[in-house]
Amino acid sequence: MPSEVEGRLYREWEESGAFACGTAAAGAASAVGGGGNAQPYSIVIPPPNVTGSLHMGHALNNTLQDIMIRLARMRGRDVLWQPGMDHAGIATQMVVERMLEAEGKSRQELGREKFIERVWEWKDESGGTITGQLRRLGASCDWPRERFTMDEGLSKAVHKVFVELYKQDLIYKDKRLVNWDPKLKTAISDLEVQQTEVAGHLWHINYPLEGDSGRFITVATTRPETMLGDTAIAVHPGDERYRHLVGTYAILPLVGRRLIIVADDYADPKQGSGAVKITPAHDFNDFEVGRRHDLEMINVLDEEARINENAPAAYQGLDRFEARKKILEELDAQGLIAQIDDHTHMVPCGDRGGVPIEPWLTEQWYADAETLAKPAIEAVRSGRTKFVPEMWAKTYFEWMENIQPWCISRQLWWGHQIPAYYGPDGEIFVEMTYGEVQAAAKAHYGREVALVQDEDVLDTWFSSALWPLTTLGWPEKTPELERYYPTSLLVTGFDIIFFWVARMMMFGLHFHDDVPFDTVYIHALVRDAKGQKMSKSKGNIIDPLELIEKYGADALRFTLASQAAQGRDVKLSEQRIEGNRNFATKLWNAARFCEMNGCAMQPGFDPGAVTGPVNQWLVGQLKAAQDRINAGLDGYRFNEAANDVYHFVWGTFCDWFVEFSKPALQGDDGPIKSEAQATAAWALDAILRLLHPFMPFVTEELWSRTGQGEARDHMLVRAAWPDYGDEVVNEDAREEIEWVIRMITEIRSIRAEMNVPPSAKIPLLLAGASPDTLARLERQRDLIATLARISEMGEQLGELPSGSVQTVVDEATLVLPLADVIDLDQERGRLSKAVAKLDDQIAGMAKKLANKGFTDKAPAEVVAVQRERMAEAEQTRDKLRDALSRF
RNA sequence: GGGCGGUUAGCUCAGCUGGUAGAGCGCCUCGUUUACACCGAGGAGGUCGGCGGUUCGAAACCGUCACCGCCCA
């Protein structure tokens, strides 16, 4: 479908208010007794970064959300899909800084205020990119409700949350080691640190023992430069080699500081020499050792990870890696390097800046995650919020139960500035308004004093943690909050369970006393066709917009949905998208066929009242497909639902029903023809509905084109989801048509194997057929004749003609007199092969049935089915053997 | 080191609560017919990673090993 059509349809949807919450589907309204009482169904979008553009992960994520949203809308629910964007502190600031850099400027030159203005300009400029792209994908968000994490209302909510948590002692300031990104010059949380494997070295360094310069204690390190901050050496308390040294001192080379040798469990006797240097200000483990032994903490790095004034002058100002080099040279010159091993180890790197982070001693703001996590853990344990697939709950628990204090301050400019003010002596004042801050300060000091606001901003995730609340208007008691919270579903990737899902759970429960969502559906990663993670450096990024351009949004959506099996990554190949584009084309052509044959929707058409077996069969098949699609979507098994609709449309409707109906449709006017037309139109209509959540564009376009005569009074997006009950199913028709399909398939197979030219019509005779079968044959002879290219057909009485090909369908033997075309040897081979195969099967089944354990213990119906199958197989085998014996 | 996934047709993967395997693509053969060659018909192709166990019965459940991947240290 050309993209202009998609664009036009999207505009029509949007302009008609089809995506607005607060109204139930027009078509479904009657079914639920009026839109006003419709049950709410809500999803908040994972807010994309303002500077972002649509990547494959977004495409998958939003396709799945849109499928559920459109489904709910058609089911008559009052649907809200809440859109919006995230200010994405670090990421956005980096983008703008890079732009400044290109202009030869820096943010420091610009100053904070001007810089933020600049970021807002950039936000206004690029912020609409991704929402435009989401529209291209077909995402049916309630756009007028779009929010941004730095909107006034949302910022006020963030402020309120900070103040309340502060007053509840759940936010506090602390001086401890943080993950410091020396490139971005900010603290980051544990989650933003990525462990990267690096092939490095393990240097064994001799530290002279005090008072005995000829003797050494050897320590091993991967980071020699940190030795400048060493304040102790630790050995294991049980380590006999060093017991006598505990409490004595070593001398730090290059610096000359006395290092006490302490006994601590942290030292692993099996690791290296068993003695480990302790740098409390630059290593998380050493920090703990330092606390236990009351060691001095010497910070030797500045904010850009250069050696600072606490180190010997020779090293000051050197970058950490230059310092390492120089230190090693110097140690080597002094003969203090005992050994160098190649050593592969993990180096912590900032996920944004990409450079190794430094554990650095600074004062930062922390949230007491442990306290906040408790109710959030309980809510998942008790099932108030369910994870799908369930496995992810384990991941959630694992992290939540070992949660660390959450560092929420960032040394950035773009974000929510921390609403804490400092008095002249550093006293902290945190209040809702500046007036209250001033009042509190005055009360504290007894006079007006100058106050300074904290320079730092909050972690981006602090505000997105409030997303389900704030987008609905919290802290105001809005009708939306009342109606749509808790939301029905959250759809997101596993990579942000910790960053986002967990924190929304904490804040939702803490501030609104309820979980933010009923169900959390976690989808997989989209990889390339080879299963590789897509990344810029690998150059294997597939751009969803290019694919949409090339194959249409429907094809991309359908492909993503059909590949979204739970618990497995999506491997996206263009070939598959092409195949699904073909599927859309197939549907288009089928609709065209219906149109050409005058298939128009009949007002008041009752699918349960059709009389033709083909029509009855189709109705039943559609109802079965509807049930499977419902089951798939209700269980979030998108792949199953997609495959079910695919097979119904292509396999059942196009391949069989359309072919079956051709004689009627192309025949004379009359009740048979008009029922075929009405049934086809009805089925196509139901197909458009069932397929709409997956392929909204092509279905909407066809819907508008198939309204013949009678104008559609609403668009498909607002139509009712099919909901047929068992009363439309006709079992007799199903059996009869399935038999016809078996007959045709069998004859076609024989024809192909016997190389009967497709143009040749051949006669068909049935031997040993029951009266029921003969009656069926009579009723369905036209279908069989047309689709299997049969000239004449009838019952075979008496002796079977020689030189005929025989095969078996149920109890009947099909006799195809093909004396002139068959190759006797070939036919003999075919029959023997078939007989041998059946013999094998029969032997297996006989063995099973002879097993007393099976007949006694297996459920009766399983045994019965087995007996039946065996009898059928035997019957078929005997008939084929009989045919073989005639050669 | 701890945890979690995966291993099924040439490729990519389905197979939900155990009853002897499916799809798409690819491949081979054929192609009459005004919906569609982005198509139709037919076909080939699998000891369901190895071993052991539970069971009347295991691709599915349990154990174990091998290999691959992810997360956390």
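Further up the page is the structure itself.
So, here is what we can say about the structure in this document.

Rules of the game
- The residue numbers shown here count from 1 along each chain, following its written sequence.
- The order in which chains are written sets their letters, starting at A; the order in which ligands are written sets their numbers, starting at 1.
- Confidence filtering applies because this is a predicted model: local features only for residues at pLDDT of at least 70, side-chain atom pairs given and counted only at 80 or more, and all residues used for totals across whole chains, interfaces and linings.
- Where side-chain values are given, they derive from all heavy atoms of the structure, hydrogens and water being excluded.
- Only DSSP runs of H or I covering at least 4 residues are called helices, and only runs of E covering at least 2 are called strands; the numbering of each starts at the N terminus.
- Both definitions apply: the radius of gyration is a C-alpha atom measure, and the globule rule equals 2.2 Å times residues to the power 0.38.
- Buried, partly exposed and exposed residues are distinguished by accessible area as a fraction of the type maximum, computed with a 1.4 Å probe on protein chains only: under 20%, between the cut-offs, and over 50%, respectively.
- Here, two residues are considered to be in contact whenever any of their heavy atoms come within 4.5 Å of each other.
- The Shrake-Rupley method, run with a 1.4 Å probe sphere, supplies the accessible areas, and residue values consider only the shown protein chains as cover.
- Strands pair, by our definition, only if DSSP identifies at least two bridges between them.
- We call a crossover right-handed when, viewed with the strands running away from us, the connection from the first strand over the helix to the second turns clockwise.
- When a carboxyl oxygen of Asp or Glu lies within 4 Å of a side-chain nitrogen of Lys or Arg, that pair is called a salt bridge.
- Think of it this way: one heavy atom of a residue within 4 Å of a molecule or strand is enough to make that residue near it.
- In protein, a polar contact means a hydrogen-donor-capable atom and an acceptor-capable atom, both N or O and within 3.5 Å, with residues adjacent in sequence counting only if both atoms are side-chain atoms; elsewhere, any N or O pair within 3.5 Å suffices.
- When residue character is reported, Ala, Val, Leu, Ile, Met, Phe, Trp, Tyr, Cys and Pro are called nonpolar, Asp, Glu, Lys and Arg charged, and the others, Gly included, polar.
- Take the number of residues in a helix, subtract one, and multiply by 1.5 Å to get its expected span.

1. Remarks on the overall build of chain A
- Helix and strand content of chain A: 28 helices and 29 strands.
- Against the 2.2 N^0.38 benchmark of 29 Å for 887 residues, chain A shows a C-alpha radius of gyration of 37 Å, more extended than a compact globule.
- In terms of overall dimensions, chain A has C-alpha extents of about 120 × 65 × 55 Å along its principal axes.
- Buried positions account for 53% of the 887 residues belonging to chain A.
- Excluding contacts between residues fewer than 6 apart, the proportion of contacts in chain A whose partners are at least 24 apart in sequence is 77%.
- Carbon and sulfur atoms make up 48% of the accessible area of chain A, which totals about 38,900 Å².

2. What to know about the pairing of strand 27 (residues 790-795)
- Pairing between strand 26 (residues 762-767) and strand 27: four bridges, direction parallel. Opposite Leu765, over in strand 27, you have Gly794 as the bridge partner.
- Note on the crossover from strand 26 through helix 25 (residues 771-787) to strand 27: the handedness is right-handed.

3. Overview of the pattern of salt bridges
- On inspection of all chains with the given rule, the structure shows 55 salt bridges.
- For the salt bridge of Arg306 with Glu304, the shortest nitrogen-to-oxygen distance reads 3.5 Å.
- For Glu358, the salt bridge identified is with Arg320, shortest N-O distance 2.7 Å. Remark: Arg320 occurs in helix 9 (residues 320-333) and Glu358 occurs in strand 14 (residues 358-367); sequence separation between them is 38 residues. As far as burial versus exposure is concerned, Glu358 and Arg320 are alike and both buried.

4. With respect to the protein's contact with RNA strand B
- Around RNA strand B, a shell composed of 43 residues is seen, among which Arg568, Lys571, Arg576, Trp650 and Lys857 lie nearest.
- Near-protein atoms of RNA strand B (within 4 Å) split between backbone and bases, with sugar and phosphate holding 64%.
- Side-chain polar atom of Lys662 to a phosphate oxygen of RNA strand B: 3.4 Å apart, as the coordinates give it.
- Between RNA strand B and Asn851 there is a distance of 2.7 Å, counted from a sugar or linking oxygen to a side-chain nitrogen or oxygen.
- When residues of the surface near RNA strand B are traced back to their parent elements, those giving at least two are helix 11 (391-400), helix 19 (574-596), helix 21 (638-665), helix 24 (731-753), helix 26 (824-850), helix 27 (852-857) and helix 28 (860-885).
- Ranked by the residues each element gives to the surface near RNA strand B, the list is headed by helix 19, at 11 residues.
- Of the residues in the surface near RNA strand B, the class split is 15 nonpolar, 13 polar and 15 charged.

5. Comments concerning the sheet that holds strand 14
- Here we have four strands laid out as an open sheet, ordered 6-5-14-16, and antiparallel in their pairing. The sheet is open, and its two borders are formed by strand 6 (186-188) and strand 16 (406-407), each paired with just one other strand.
- Note: strand 5 (residues 171-181) against strand 6, three bridges, orientation antiparallel. Paired with Trp180 across the bridge in strand 6 is Ala187.

6. Some details on helix 4 (residues 89-102)
- The terminal C-alpha atoms of helix 4 lie 20 Å apart, and with 14 residues this matches the ideal 20 Å at 1.5 Å per residue to within 8%.
- Where helix 4 is concerned, the buried positions are Gly89, Ile90, Ala91, Thr92, Gln93, Met94, Val96 and Leu100.
- Against the buried residues of helix 4 lie helix 5 (107-110), helix 6 (112-137), strand 6, strand 17 (409-410) and helix 13 (460-464).
- At the exit of helix 4 stands Gly104, carrying a positive phi of roughly 75°.

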